[in-house]
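Secondary and tertiary structure notes
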Amino acid sequence: MRIAVAGATGNIGARTVAALEQAGHEVVRISRSLGVDLITGDGLGAALTGADAVLDTTSYEAADRDDAVAYFGTVTRNLLAAGERAGVRHHVLLSIVGVDRIEGNAHYAGKREQERLVTEGPVPWTIVPVTQFHDFAATVTSWTEQDGAATIPPLLVQPIAPEDVADILAEIATGTPQGRYRDVAGPEPQDLVDMARRTNDAHGHAVKLVPTWQSLLGVEMAGDVLLPGEGARIAPTTFDEWLAKAQ
């Protein structure tokens, strides 16, 4: 198959490209650095010509809700419009478990806008809700670290290896549209603070962790809000296994 991957140079996009190519598929990489601008649409029509499926793994970090909704909305509208013109038969969106349960987060608001546009759009679709990645804890502390200390919320998560996400997305993108896919998660719940401590120790990075809800991610994410629902698809790689390979 010929599959276009938006966000092809990102954390998940690059891994998914590799998984698709290893399986023998032709991959079209969509990224601004590769000459395709998802905001203006420049180069997008040519990139999707002949594509059987489009896989959207784009990400965008914004503290402002309107900014996030505008970005994700523009990208999704452009992908759907170009996909319809090109005769794309399957639009796959990487989303987040619990995206409808969290109102105050700008990123989640943008992802909800993506989901709305995809479900109402002209191209047959699959939305794949995934839990946080194994490297999420280190990412959070990198956002907040200052003068040798980093705030981090005591979240309960069920993280998944980025490589497992890529394999599952590659599988889904080469299949038929399924609508909203079941939740996808790693094999076991983890405490985000403990994950950050163990990741930093494994990498030899000394930083004092300050658990607090007065951080970038608020108390509305407490409890089981971020955990997968019943019937979730459980990926195989544990956090310990991932951490051992990541060192």
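The sections below set out a description of the structure shown in this document. (Residues numbered from 1 in each chain as written. Predicted model: local features only at pLDDT ≥ 70, side-chain atom pairs only at ≥ 80, totals over all residues. Heavy atoms only, no water.)

**Regarding the overall build of the protein**
- Along the backbone of the protein there are eight helices and 12 strands.
- For the protein, the C-alpha radius of gyration of 18 Å lies close to 18 Å, the compact-globule estimate for 247 residues.
- Dimensions along the principal axes, computed over C-alpha positions, put the protein at roughly 50 × 35 × 35 Å.
- Sequence separation of 24 or more characterises 80% of the internal contacts of the protein that already satisfy a separation of 6 or more.
- Carbon and sulfur atoms make up 49% of the accessible area of the protein, which amounts to about 10,700 Å² in all.
- Distance between charge centroids for the protein: 3 Å, based on 19 positive and 33 negative side chains. (Helix = DSSP H or I, 4+ residues; strand = E, 2+ residues; numbered from the N terminus. Rg over C-alpha atoms; globule rule 2.2 N^0.38 Å. Contact = heavy atoms within 4.5 Å. Areas by Shrake-Rupley, 256 points an atom, 1.4 Å probe, with all protein chains shown as cover. Lys, Arg positive; Asp, Glu negative; His and termini not counted. Charge placed at Lys NZ, Arg CZ, Asp CG, Glu CD.)

**Focus: the pattern of salt bridges**
- Counted by the stated rule, this structure contains 13 salt bridges.
- D194 serves as the salt-bridge partner of R198, at 3.2 Å between the closest nitrogen and oxygen. Here R198 and its partner D194 are both found in helix α7 (residues 192-202), four residues apart, which amounts to about one turn of the helix.
- Salt-bridge contacts for R198 lead to D240; the nearest nitrogen and oxygen are separated by 2.0 Å. In this pair, R198 sits in helix α7 while D240 sits in helix α8 (residues 239-246), placing the two residues 42 residues apart along the sequence. (Salt bridge = Lys/Arg side-chain N within 4 Å of Asp/Glu carboxyl O.)

**Some words on unusual backbone geometry**
- Of note, the phi angle at D147 is positive, near 55°, even though the residue is not glycine.
- Structurally, D147 is set in the loop between α5 (136-144) and β6 (149-152).

**Description of α5**
- Along α5, the positions that sit buried rather than exposed are F136, A137, V140, T141 and T144. Axial view of α5: buried residues confined to an arc of 135°, hence all on one face.
- Lining the buried residues of α5 we find β6, α7 and β11 (208-211). (Buried < 20%, exposed > 50% of the residue type's maximum accessible area, 1.4 Å probe, protein only. Arc of directions from axis to C-beta.)

**Quick notes on the environment of P153**
- Note that P153 resides in the loop between β6 and β7 (156-157).
- On the accessibility criterion, P153 (0% relative accessible area) is buried.
- Along the chain, P153 and P211 lie 58 residues apart, while their C-alpha atoms are 5.4 Å from each other.

**Examining helix α3 (residues 65-86)**
- Its 22 residues place the ends of α3 31 Å apart at the C-alpha level, agreeing with the 32 Å of an ideal helix rising 1.5 Å per residue.
- Within the span of α3, buried status applies to A68, Y71, F72, G73, V75, T76, L79, L80, A82 and G83.
- The inward-facing, buried residues of α3 contact β1 (2-6), α2 (44-48), β3 (53-56), β4 (90-96) and α4 (106-120).
- Sitting at the amino-terminal end of α3 is D64, which places a side-chain oxygen 3.2 Å from the backbone nitrogen of D66.
- Remark: G87 follows α3 within two positions and exhibits a positive phi of approximately 80°. (Expected span 1.5 Å × (residues − 1). Polar contact = N/O pair within 3.5 Å; in protein donor to acceptor, adjacent residues only side chain to side chain.)

**Regarding the pairing of strand β5 (residues 125-130)**
- Counting buried positions along β5 gives five out of six residues, so the element sits mostly inside the fold.
- Note that β4 and β5 share six bridges and pair parallel. Bridging from a neighbouring strand, V92 pairs with T126 of β5.
- In this region the chain leaves β4, passes through α4 and returns to the parallel neighbour β5; the handedness of that crossover is right-handed.
- As paired strands, β5 and strand β8 (residues 179-180) are joined by two bridges and run parallel to one another. The residue of β8 that forms the bridge with I127 is R180. (Pairing = 2+ DSSP bridges. Right-handed = clockwise from strand over helix to strand, strands pointing away.)

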